[in-house]
Structures are given as structure tokens and as C-alpha cells.
Amino acid sequence: MAADLASRHSLHLPPGAAPPSLWRVMRERTPALLWVALAMALLSLPLLWAGLFDPRQFNGAGVWVKPWKFMVSSAIHLASLAFFAALLRPADVPRRGLKWLSAVAVLTAIFEVAYIGWRAARGEASHFNLASPFAAAMYSLMGVAAVMLSGCSAVLGVWVARARSFPLGRAMQHGAAIGLVLSFALGTSLGGYLAAQSSHWVGGSASDAGGLPVVLWSRDGGDLRVAHFFGLHAMQLVPLAAWALSRVLRPAAALASTWAFAAAYSALTLFTFIQALAGRPFL
């Protein structure tokens, strides 16, 4: 694959020189996405450390749990964008398009985690906070930023779908394109519904205490965060399934199975949404 990447990115190598690694291509083509993703991954560690010494809680969980989760999620999101962008030839990306996409993704992600972290430091809510005109305005801006950040996935997904060739094969190309677009379609629509409610709980205890480990999803009532989570992470899980299928099946079978998996994944995501609306816990 490395040799294929060398030709795809118009890298003129001297005879005998080793082809570039995927890491090098990511670093050269989307440095902002890559370095901000790494910075967020590293900054998530002090948030975990803060949680060990700060006894304050909000909604039954430590005040630093939420910014930590969003920091990790944003790091994964930006790194995923950088990874898929590195697999495209320059000819498959509109002129200056990747720079604009990187800038929008990085700025919106930084805005989200910074505001959530600031509210957490004050022991206050960032989401569903309409207590003041400023809080309401910032909540609206968070919604706009989230749509823009998720929209970057859809744009990249279209570029991947239209690419004339792809180094990891057709099944992986389709899986990446579908996953990126599904992440926007499902994540944004379900997230929009979630944001329009007064909270993410539907029945059960209005507290994260006793929720599932790490994610804190409710175990005694519905939780709209479940479907939103699955929707957003389609951009990682669908391509991962496509990669696994392409390793064990013939190309045609892997391609068909990738589409089948994407359909089943969408159905699962919608099922968790309906489950939450009915007031039933995911687990």
C-alpha cells in the first residue's frame, strides 16, 4: 500500500528510496487535523487526573468526565478525517478544499471542547443550559459547530465515493464513503432531536450515577445519547467492518457484505433511538 500511496500523492522518489508511510502523508497533507487530534488525545490525560482529585459532581458524575469524553471523541474524529483524506489522490480533492475542511473541523472541535471544559470547571452544564441569554446563545452556537464538524465527514465521504481509485480496494472505499456520510446523516439528525429536548433521559433516573461504565448511559430508563453515539461513530465502525470483510471474502462478496453491514448498522442505530423514546435502557 505504501508504494501505491507514493504514486497517488505525486511524490517523486529517488531510485531505491522507501515509499512514504501513511503517517507521513497525513502529516504533510492534513497537519492541522493530525496535530490537533494528537494534542486533544494528550490533553485528555490531565482531565482524567483532575477527576481523581476534584470531588465535585454534576448529574451524578465527576465534573471532568464529560469534557474528557468529548476530548477523546473529538481526537478520534479529527484523526479519522486525516486518515481517510490521506488515502485520496490530490486529483480527487477539490482545489483548496482539504485546507478548508481541515480548518472548519479543527476550529469547531476546539470551540466545542473548550466551552464544555470551561463549563465543567465551573461545575455547570454546557448542554441543555438555557439559564441565561449567554448560555442559550452558546448552546445554539455549539449546535451550529457540531453540524459543521459533522458536515466535514459528509464532504469527505463524497470525495471518497467519487475517487477514481482507492488504495485499499472497492469494499473499503465504499465502507469509508458510507460510514462518513452516515456519520453526518445519523449523527446530525439524532443529535438535533436530542438537542431539542430538555435532557437526554427518557424516564428512569435523571442522573448519570449508576450508568454504564465510561459512557454513563442510563440503566433504568431511555437515553438518547446511545443512538447519537452510534450515529456519529459510523465513520469508524463501518469502514472497520469493510476492512475486516475484505480480509476474508472475495472482492465482490466483501463489497456486498459491506453494504449489508451498513444497512444493519443503520437499523441498529434507529432501533436504539426507538428504544430510548420508549423509555427502555440500551442494556
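Notes on the structure follow.

Calculation notes
- Residues numbered from 1 in each chain as written.
- Predicted model: local features only at pLDDT ≥ 70, side-chain atom pairs only at ≥ 80, totals over all residues.
- Heavy atoms only, no water.
- Helix = DSSP H or I, 4+ residues; strand = E, 2+ residues; numbered from the N terminus.
- Rg over C-alpha atoms; globule rule 2.2 N^0.38 Å.
- Buried < 20%, exposed > 50% of the residue type's maximum accessible area, 1.4 Å probe, protein only.
- Areas by Shrake-Rupley, 256 points an atom, 1.4 Å probe, with all protein chains shown as cover.
- Lys, Arg positive; Asp, Glu negative; His and termini not counted.
- Charge placed at Lys NZ, Arg CZ, Asp CG, Glu CD.
- 1 Å grid on protein atoms, 1.4 Å probe; cavity = no way out; pocket = protein on both sides within 12 Å on 5 of 7 lines; lining within 4 Å.
- Points joined across faces, edges and corners; volume = space filled by probe spheres on them.
- Patch = residues over 30% accessible without salt bridge, like charges linked within 9 Å, V, L, I, M, F, W, Y side chains within 5 Å.
- Salt bridge = Lys/Arg side-chain N within 4 Å of Asp/Glu carboxyl O.
- Axes fitted to C-alpha atoms, helices over the stretch in contact; angles between N-to-C directions.
- Parallel < 35°, antiparallel > 145°, perpendicular 65-115°, else oblique.
- Contact = heavy atoms within 4.5 Å.

**Quick look at the overall build of the protein chain**
Then comes step 1: Along the backbone of the protein chain there are 10 helices and four strands.
Then comes step 2: When its helices and strands are written in sequence order, the protein chain yields α-α-α-β-β-α-α-α-α-β-β-α-α-α.
Then comes step 3: Taking 2.2 N^0.38 as the reference for a compact globule, 283 residues should give roughly 19 Å; the C-alpha atoms of the protein chain span a radius of gyration of 20 Å, in line with that estimate.
Then comes step 4: If you line up the protein chain on its principal axes, its C-alpha atoms span 65 × 35 × 35 Å.
Then comes step 5: Per-residue burial over the protein chain gives 45% buried out of 283 residues.
Then comes step 6: For the protein chain, the exposed surface amounts to about 14,000 Å²; the carbon and sulfur share of it is 69%.
Then comes step 7: Taken as two groups, the 21 positive and 9 negative side-chain charges of the protein chain have centres that lie 11 Å from each other.

**Concerning the layout of surface pockets**
Then comes step 1: Estimates place the volume of the second largest pocket at around 160 Å³.
Then comes step 2: The wall of the second largest pocket is formed by L47, L48, G51, L52, D54, G62, V63, W64, V65, W68, V214 and L216.
Then comes step 3: Mapped onto the lining of the second largest pocket, the elements with two or more residues apiece are α3 (31-53) and α4 (65-86).

**A short note on a nonpolar patch on the surface**
Then comes step 1: Together, W23, W35 and L38 give the surface a local cluster of nonpolar side chains, amounting to about 300 Å² of exposed area.
Then comes step 2: Assignment of secondary structure puts L38 in helix α3.
Then comes step 3: For L38, a relative accessible area of 33% gives the class partly exposed.

**Focus: the packing of α4 against helix α5 (residues 97-121)**
Then comes step 1: Two elements in contact, α4 and α5, have axes whose closest approach is 9 Å; the angle formed by their N-to-C orientations is 175°. Here α4 is positioned roughly antiparallel relative to α5, judged by the angle of their axes. For the pair α4 and α5, contact is made by K66, P67, F70, M71, S74, L78, L81 and A85 and by L98, L101, A105, V106, A109, E112, V113, I116, G117 and A120, respectively.

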